[in-house]
Amino acid sequence: MAKKDTTTSKKTTNTAAPNESINYLALTIRFFKDERVKLIIALIMFVFAVFLTLAFVSFFFTWNSDAAKLTQGVQPDVEIENWAGLTGAILSKQFIHNWFGIPSFSVIFLLVITAFKLIKIELVNYWRAALYTIIITIWSSITLGFIFTDLWDANIGGAHGYYMSEWLIGGIGSLGTLLLLLISLIGFIIFAVDNAIDKARGIYKQHTGKELPLKDFGLKLSQLRKENPQENTIKIEQKDKMPVDKTFEDENFGSKNADKEKKFELGETVRKNEFILNNKGEKKVEPLGKKDENFSMEVEDKTVVEEEKVPENQIINSFLEHIENEGNIDLRVEKNSDIMVNPEKVHQLENYDPRLDLASYKIPDISLLEEHKAVNSEVTNEELISNKNKIVETLKNYKIEIKKIKATIGPTITLYEIIPAPGVRISKIKSLEDDIALSLAALGIRIIAPMPGRGTVGIEVPNLKPEIVSMRSVISSAKFQSSKMELPIAIGKTISNESYVVDLTRMPHLLVAGATGQGKSVGLNAILTSILYKKHPAQVKFVLVDPKKVELTLYEKIERHFLAKLPDSEEAIITENQKVVNTLASLNVEMDNRYSLLKLAQCRTIIEYNEKFIARRLNPENGHHYLPYIVLVIDEFADLIMTAGKEVEMPIARLAQLARAIGIHLIVATQRPSTNIITGVIKANFPTRMAFKVASMMDSRTILDSPGANQLIGRGDMLISEGSNLIRVQCAYIDTPELERITDFIGSQRGYPSAYELPEFEQGEGSDGEPLDVDLTKRDKLFEEAARIIVVHQQGSTSLIQRKLSIGYNRAGRIVDQLEAAGIIGPFEGSKARQVFYTDEHSLEQYLKTLNLD
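In this text, all values refer to a predicted model and were calculated from it rather than measured experimentally.

Caption draft 1: Highlighting the side chain of R689. Locating R689 in the fold gives a position in strand β17 (residues 688–692). Reaching out from R689, the side chain makes a polar contact with the backbone oxygen of K683 at a distance of 2.9 Å. One polar contact links R689 to D705, side chain to side chain, over a distance of 2.9 Å. Look past the residues within four positions of R689 in its chain and what remains in contact with it is L510, L511, K683, I703, L704, D705, L719, I720 and S721.

Caption draft 2: Summary view of the pairing of strand β9 (residues 457–462). Counting buried positions over the six residues of β9 gives six, a clear majority of the element. Judged from the six bridges that link them, strand β7 (residues 413–420) and β9 form a sheet pairing that is antiparallel. The residue of β9 that forms the bridge with E417 is G458. Summarising the sheet, strand β8 (residues 446–448) and β9 pair through three bridges and their orientation is antiparallel. Among the inter-strand pairings, I448 is bridged to a residue of β9, identified as G458.

Caption draft 3: The arrangement of the packing of helix α16 (residues 577–601) against helix α19 (residues 646–658) in detail. Viewed as axis vectors pointing N to C, α16 and α19 meet at an angle of 25 degrees, and their least axial separation amounts to 9 Å. The angle between α16 and α19 falls in the class roughly parallel. At the point where α16 passes α19, the crossing takes the left-handed sense. Contacts from V581, L584, L587, N588, M591, D592 and Y595 of α16 reach α19 at E647, V648, P651, I652, R654, L655 and L658. Here the residues of the contact of α16 with α19 sort into ten nonpolar, one polar and three charged.

Caption draft 4: Representation of the confidence of the model for the protein chain. Of the residues in the protein chain, 76% reach a pLDDT of 70 or more, and the chain-wide mean stands at 77. In the model, residues 215–341 has pLDDT below 50 throughout and makes 270 contacts with residues more than four positions away in sequence or in other chains. Taken as a whole, residues 343–347 scores under 50 in pLDDT and shows seven contacts with residues more than four places along the chain or in a different chain.

Caption draft 5: Layout of unusual backbone geometry. Cis geometry is adopted by the peptide bond preceding P450, which originates at A449 and carries an omega value of -5 degrees. Assignment of secondary structure puts P450 in the loop between β8 and β9. Here the residue pair M507 and P508 is connected by a cis peptide bond, since its omega of -10 degrees sits within 30 degrees of zero. Looking at where P508 falls in the secondary structure, it is placed in the loop between β11 (499–503) and β12 (510–513). If you check the backbone angles, Q602 has positive phi at about 60 degrees while not being a glycine. Summarising the element assignment, Q602 is placed in the loop between α16 and α17 (606–614). Accessibility expressed as a relative area gives 69% for Q602, which makes it exposed. Phi is positive for D705, close to 65 degrees, though the residue is something other than glycine.

Caption draft 6: Highlighting the sheet that holds β9. Pairing within the open sheet is antiparallel, and its four strands lie in the order β6-β7-β9-β8. Strands with a single pairing partner mark the edges of an open sheet, and in this sheet they are β6 (402–409) and β8. Ignoring which end each strand starts from, the neighbouring axes of this sheet average 20 degrees apart. Along the sheet face, helix α9 (residues 381–397) touches β6, β7 and β9 and points at about 40 degrees away from the line of β7.

Caption draft 7: A nonpolar patch on the surface, seen in detail. On the surface, a nonpolar cluster with roughly 690 Å² of combined accessible area is contributed by V50, L54, V57, F60, F61, W83 and I102. Looking at where I102 falls in the secondary structure, it is placed in the loop between α3 (85–100) and α4 (106–118).

Caption draft 8: Local environment of the environment of G517. Structurally, G517 can be placed in the loop between β12 and α14 (520–532). Note on G517: relative accessible area 69%, which makes it exposed. Taking the C-alpha atoms as reference points, G517 and F692, separated by 175 residues in sequence, lie 9.6 Å from one another.

Caption draft 9: Seen up close, the side chain of T529. By the element assignment, T529 lies in helix α14. A relative accessible area of 0% means that T529 is categorised as buried. Among the polar contacts made by the side chain of T529, one reaches the main-chain carbonyl oxygen of N525 at a distance of 2.7 Å. In contact with T529, other than residues within four places in its own chain, are M471, Y555, I734, L739 and I742.

Caption draft 10: Inspection of the sheet that holds strand β16 (residues 664–670) at higher detail. Taken together, the nine strands give an open sheet; going across it, the order is β11-β10-β19-β18-β17-β12-β16-β15-β13, and neighbouring strands pair in mixed fashion. Strand pairing shows two members of the sheet lacking a second neighbour, β11 and β13 (540–545), which therefore form its edges. Averaged over all pairs of adjacent strands, the angle between their axes in this sheet comes to 30 degrees, without regard to strand direction. Relative to strand β18 (residues 717–722), β17 runs antiparallel, the two being bridged by five bridges. Paired with R689 across the two strands is S721, which belongs to β18. Here α14 sits on the sheet and contacts β10 (488–494), β12, β13, β15 (629–634), β16, β17 and β19 (725–731); the angle it forms with β10, its principal contact strand, is near 130 degrees.

Caption draft 11: Representation of helix α25 (residues 809–821) in the model. Compared with an ideal rise of 1.5 Å per residue, which puts 13 residues at 18 Å, α25 spans 18 Å between its outermost C-alpha atoms and is within 8% of the ideal. Two residues or fewer past α25, G823 is found with a positive phi of approximately 85 degrees.

Conventions we followed
Residues numbered from 1 in each chain as written. Predicted model: local features only at pLDDT ≥ 70, side-chain atom pairs only at ≥ 80, totals over all residues. Heavy atoms only, no water. Helix = DSSP H or I, 4+ residues; strand = E, 2+ residues; numbered from the N terminus. Polar contact = N/O pair within 3.5 Å; in protein donor to acceptor, adjacent residues only side chain to side chain. Contact = heavy atoms within 4.5 Å. Buried < 20%, exposed > 50% of the residue type's maximum accessible area, 1.4 Å probe, protein only. Pairing = 2+ DSSP bridges. Axes fitted to C-alpha atoms, helices over the stretch in contact; angles between N-to-C directions. Parallel < 35°, antiparallel > 145°, perpendicular 65-115°, else oblique. Left-handed = near helix turned anticlockwise from the far one by under 90°. Nonpolar A, V, L, I, M, F, W, Y, C, P; charged D, E, K, R; others polar. pLDDT = per-residue confidence, 0-100. Patch = residues over 30% accessible without salt bridge, like charges linked within 9 Å, V, L, I, M, F, W, Y side chains within 5 Å. Areas by Shrake-Rupley, 256 points an atom, 1.4 Å probe, with all protein chains shown as cover. Salt bridge = Lys/Arg side-chain N within 4 Å of Asp/Glu carboxyl O. Expected span 1.5 Å × (residues − 1).

Below is the structure:
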């Protein structure tokens, strides 16, 4: 029995040995992945970098005396003069004397950036910086060795530089070595410096006044620089069925990504109408830890920063055009096809990113907003108990017994929920609203009987010291930061002190009303600020209408980023009533155009359409393009109705009825919610309404279809109607200096060349259908050239002629009148674009000849 036990024990020991080694390996890996270990290693690297710096610098002062001591061997009584001691003397001799000379200082730079990377502080692109540093070190060592050949003992280029330069001189001579070093330097600059060729052209043109004679083959040489070089191969089928490989590299097919990379193998043969590109899609995310003090929870504020790159289809088209011009390749594409690539292979393409036009754009930082806090704004226990006792006492006076009462403290009001005893009629409690307000000596008492979905009766009582809800607290909340909504807007906080965040696309339009000074304009600013903190300029555009001319002026600074306007409009903020009418008509044209695109793409909503376009399943050559959301904001609707009437009401009603599916959303505000301003047509198409304090119950019924807005306490206190539900919210407060800082921050960044142009809307002569009185014998000198532009673009537009011919708007308008009188374009048709009667230049030229003969 003893032997058997011994054998069993041995077997157990032998089988445990392999597992033990595996565990040690796992423990070792886990040990080096520990953040604390990485921090210690980083600190060691920092200290070692300082140590090497002392050793390298002192090497040039102490080398002559230390060289002999190191050669003969170090004796105990011999003192090394290097500042870093014996180890420093040995390391500096190895790096500077035996290896690279002065360029050895680059080792210190590599140590520093490696240490920073270990503690997750990436000052530069680590791998690119390391690669460039190694290349520069080797090249500099050889160059210094070549220049200072006779001064080898000076340790300028090191032994590596000296022997390599001697080897090159022996092989290709001094002149060949010099040329090789210069060519390698120029090649490195082209790859390392962004837009090196363009910058060289600019410098050359600045000093000589002439263009640098370098041809552009569709792909600029400056585009060949890549942070992570990657080769993209296109195989295109020729007419003679012989495949031809075209290989090129471009930085625009990928950008820096510190986390992960997507790699695809290339080399698929492409049929006609198809081209397959496989490339890297990369994104750098910098999490910034933010703390929401109201909820005591960590919020992650993710700001996406991407390098600029040209859209891939633009690069591909220019490259393919260059190949097609060679004359051997058939690249014909069917004009009626909306599909850009083979759907079976579309997954191999990198998705289109509309943000790449402004890839360097940064969302405003949360620090631009202030944390507004009122002094001693907390609701005390004494206040809660006092209000509770007064409510209970008042109800008892009318013989209404209650079983339970609880309080929910909000920023400006406290909700007391009571459960009445059996047999108590709810309507009886509702009728005591004024009596309860009298006993509490408070304004703005509102009774909700019953509370939806709770089985209780709610009594809303204003706090003695209301709290200010800052825009910063709402923007930094977890609910807003983590929202995946299309157009999230953070309006304020509810009674339960939760951030109220809703999706504008779900509303889909918002009607805002409130008396003067009750927070209506602040509410609009809160809505706009929410979108600015969440969306890229390529994803949303604002059309701002400000009849008062002072409320929305700060947004002029972001005109080239977020605003949209008519082509001939000088100001992006619309203040004149006639321009408002034209803008609304233009938005109707935009709506019709977008529905036409959705019909061609077989999509029902803008979300489906943009998803298809981003996935490169729609061909831009057929007019398809990414559709940004458009948000129309009207600050004072009553003034427009009084001055323009039906000209404003009917286009707005049409947009409200139809525009939600194609991404046009309306926010209409008024301080006069009367029935002659907010008509039945308007109310029927604005299911979501926001009411600040109003003067009368009638106004409350006009805006909300129920009383309540007249019982609010003002200063941002509001009711939001979503169907049959009323939600009481304290609007977030954003001051003018905060808004100015945000618009300054956005406006200081690179924007688009101009504001987003809406379709042109003309309202001039001929709009009544009568023929224009134009003398064609006195045609403008640019008449024929304008006619050709109109036919080529198939767009009878005054602004098109104005831009292409660089002329004034009045002259362009006269040319359009002459083109209409000549029968080249059709008459003005309101919101519809003018019809172009000639489809090709040949038929136009024939007509122009007959016109000249006449």
